Amino acid sequence: MLHSSMYLWRTFLCVGAALLFHWEVPKAHAADLPTEESKLTFAPEVPPPLNRKNPAKVVVHLEAKEVVSRLADGVDYTFWTFGGEVPGKFIRIREGDTVEFHFSNHPSSKMPHNIDLHAVTGPGGGAASSFTAPGHQSTFSFKAMNPGLYIYHCATAPVGMHIANGMYGLIYVEPKEALPKVDREYYVLQSEFYTKGKYGDRGLQAFSMDKALREQPDYVVFNGSVGASGTRPMTAKVGETIRLFVGNGGPNLVSSFHVIGEIFDRVYLEGGSMINKDVQTTVVPAGGSAIVEFKVDVPGTYIIVDHSIFRAFNKGALAQIKVEGADDKEIYSGKQKDEVYLPEGSGIQTIDTGSKEAPPAKSKAERIAVGKKVYDTNCAACHQPQGEGIPRAFPPLAKSDFLNADKDRAIKAVVHGLEGRIKVNGAEYDSVMPAWTLSDDDVANVLTYIYASWGNSGKEVSPAEVKAIKASKK
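Basis of the calculations
Residues numbered from 1 in each chain as written. Predicted model: local features only at pLDDT ≥ 70, side-chain atom pairs only at ≥ 80, totals over all residues. Heavy atoms only, no water. Axes fitted to C-alpha atoms, helices over the stretch in contact; angles between N-to-C directions. Helix = DSSP H or I, 4+ residues; strand = E, 2+ residues; numbered from the N terminus. Left-handed = near helix turned anticlockwise from the far one by under 90°. Contact = heavy atoms within 4.5 Å. Nonpolar A, V, L, I, M, F, W, Y, C, P; charged D, E, K, R; others polar. Salt bridge = Lys/Arg side-chain N within 4 Å of Asp/Glu carboxyl O. Buried < 20%, exposed > 50% of the residue type's maximum accessible area, 1.4 Å probe, protein only. pLDDT = per-residue confidence, 0-100. Polar contact = N/O pair within 3.5 Å; in protein donor to acceptor, adjacent residues only side chain to side chain. Pairing = 2+ DSSP bridges. Parallel < 35°, antiparallel > 145°, perpendicular 65-115°, else oblique. Phe/Tyr/Trp six-rings, centres within 6.5 Å; stacked < 30°, edge-to-face > 60°. Lys NZ or Arg CZ within 6 Å of the ring centre and 35° of its normal.

1. Side note on the packing of helix 10 (residues 407-416) against helix 12 (residues 463-471)
Any two packed helices are characterised by how steeply their axes cross, that is the angle between the axes, and by the distance between the axes.
So, point 1. Remark: helix 10 packs on helix 12, axes separated minimally by 10 Å, with the N-to-C direction vectors making an angle of 65 degrees. Of the two possible hands of crossing, helix 10 and helix 12 adopt the one that is right-handed. Of helix 12, the residues touching helix 10 (which contributes K407, D408, I411, K412, V415 and H416) are E465, V466, I469 and K470.
So, point 2. Grouping the amino acids of the contact of helix 10 with helix 12 by side-chain chemistry returns four nonpolar, one polar and five charged.

What follows is the structure, given as structure tokens:
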């Protein structure tokens, strides 16, 4: 009996202690939380870390707006947006926060819109609660239950069309234990556009449902347009650690996200809590995300690409991070030597085979014929077989105002190389052309061929002119 009574007494004390502990830590209610207005930013900027240890009631205001804006140089598009730009504004909250979301649709909009936030626990992610006609506003609330980086997008029918026209962005739910501090944070979101015209066709382009259904985009871009990082640059200094919040709005393609010349020190897989280290390229699914971190050790321009590589160099999936600071030759030397490479081995260069150089061209027609062979071997891969170039990467040689205006400048570009920003046919290019170790005759031949082709001026370049340029300084 005594043993039974003591057991009951202990049980009572344990239950009482548990209840007392529960009462002493009451569950926070939204009405009791401090209220703060969310700071939203356009890409590539990210709102600052929240630096608080407790949940809050966070008020978010976001507007749907349909705008005509630049998709590429000379190309406009009617974007459907969150906040007036693509991608939509970056939202930063904390795990445990209660979010009061005010969603409005600008009176000038032609379509109703809503928002599906992947960070929301509940049917539709807020879509049904936020369905809003032009000139109206809707309000709903949710609790941020799970930390991580999440896509948000419009989910009004036809859903694919609303997303394809630009309605997506990122919302980051900081974990209770915040990520380690870094020097720079940037917002990068990949997406694709399907236009009636081909890549680069000028004017206002309309959406192509046919191409979207076939998943054949004309444009694959970072932050809403071709070359967006040129107008809002991402920068850093040597020794700094960069954190990229990466999203993929889709609507269709999976991204192979890569920064040329860097290895990701840490990747938070799919924007969650699992960490992978020392990663070269990470996959970001449509409607998904990733957080990548890396330290920059040497200066230079680091190119962000989708490593499904034709998307980068032919459809626009390029962005830049410019890093300033001192060189570290132990980590990266830069070019130390430039010499002829022959698969048979370098020793072949010293063997006297008795061969002679091809005789020089005797006429302009011969120079053009030989020049075509030089062009096909050395130039066509970048500038393309018909001299059309690759937009935003390699300038066109066809009808080139840059070449036709100055013959000496054209010769210098071939024999000395060319780097830095130039304008060709109204478009800006900022890439590097290496110096070519061609003979004087071959330089004269290939330039004469280019001038005689594709609507250019027909000028002839002589070996003597090339020799004089080689003897001069750059």
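Next comes the rest of the write-up.
2. A look at the pattern of salt bridges
So, point 1. Counted by the stated rule, this structure contains 20 salt bridges.
So, point 2. The salt bridge partner of D97 is R52, with a shortest N-O separation of 2.6 Å. Of this pair, D97 sits in the loop between strand 4 (91-94) and strand 5 (98-105) while R52 sits in the loop between strand 1 (35-37) and strand 2 (57-72), placing them 45 residues apart in sequence. Here the two residues D97 and R52 agree in accessibility, since each one is buried.
So, point 3. Measuring nitrogen to oxygen at the nearest pair gives 2.8 Å for the salt bridge that ties E185 to R92.

3. Observations regarding the confidence of the model for the protein
So, point 1. Per-residue confidence for the protein averages 88 on the pLDDT scale, and 88% of its residues sit at or above 70.
So, point 2. Low pLDDT (under 50) marks residues 1-26, which in the prediction has zero contacts with non-local residues, meaning those over four places away or in another chain.
So, point 3. Contacts from residues 340-357, a stretch scored under 50 in pLDDT, to residues over four places away or in other chains number three contacts.

4. Quick word on the environment of Y194
So, point 1. With respect to the secondary-structure elements, Y194 resides in the loop between strand 10 (184-193) and strand 11 (203-205).
So, point 2. Sequence-wise, Y194 and P217 are 23 residues apart; in three dimensions their C-alpha atoms are separated by 4.7 Å.
So, point 3. Among the polar contacts listed, one links the side chain of Y194 to the side chain of E192, at a separation of 2.9 Å.
So, point 4. At 2.8 Å, the side chain of Y194 and the side chain of N252 are in polar contact.

5. Re the side chain of S138
So, point 1. Considering the arrangement of structural elements, one finds S138 in strand 7 (residues 137-143).
So, point 2. Within the local environment of S138, its side chain forms a polar contact with the side chain of T132, the two groups lying 2.7 Å apart.

6. Some points on the sheet that holds strand 19 (residues 288-295)
So, point 1. Judged by pairing direction, the sheet is mixed, and its six strands sit side by side in the order 12-10-14-19-16-17 without closing on themselves. Strand pairing shows two members of the sheet lacking a second neighbour, strand 12 (219-222) and strand 17 (275-279), which therefore form its edges. The sheet shows a mean angle of 20 degrees between the axes of neighbouring strands, taken without regard to direction.
So, point 2. As defined by bridge partners, strand 16 (residues 264-268) adjoins strand 17 across four bridges and the pair is classed as antiparallel. Of the residues in strand 17, the one forming a bridge with Y268 is I275.

7. As for the packing of helix 10 against helix 11 (residues 440-451)
So, point 1. At a minimum axis separation of 11 Å, helix 10 and helix 11 run at an interaxial angle of 130 degrees. With respect to helix 11, the axis of helix 10 lies oblique. The two elements helix 10 and helix 11 cross, and the hand of that crossing is right-handed. Touching K407, A410, I411, V414 and V415 of helix 10 are V443, L447 and Y451, all from helix 11.
So, point 2. In terms of residue class, the contact of helix 10 with helix 11 is built from seven nonpolar, no polar and one charged.

8. Describing the packing of aromatic side chains
To describe a pair of aromatic rings, one takes the distance between the centres and the angle between the planes.
So, point 1. In the structure shown here, the tally under the stated rule is 17 aromatic pairs.
So, point 2. Taking the centre distance of 4.9 Å and the plane angle of 50 degrees together, the rings of Y172 and F245 count as tilted. Remark: F245 occurs in strand 14 (residues 241-250) and Y172 occurs in strand 9 (residues 168-174); sequence separation between them is 73 residues.
So, point 3. A residue is classified by how much of its surface remains accessible, and Y172, at 3% relative accessible area, is buried.
So, point 4. An aromatic cluster of three or more residues is present, and its members are F90, Y172, Y187 and F245.
So, point 5. Over the aromatic face of F402 sits the side chain of R409, whose NZ or CZ is 3.9 Å from the ring centroid.

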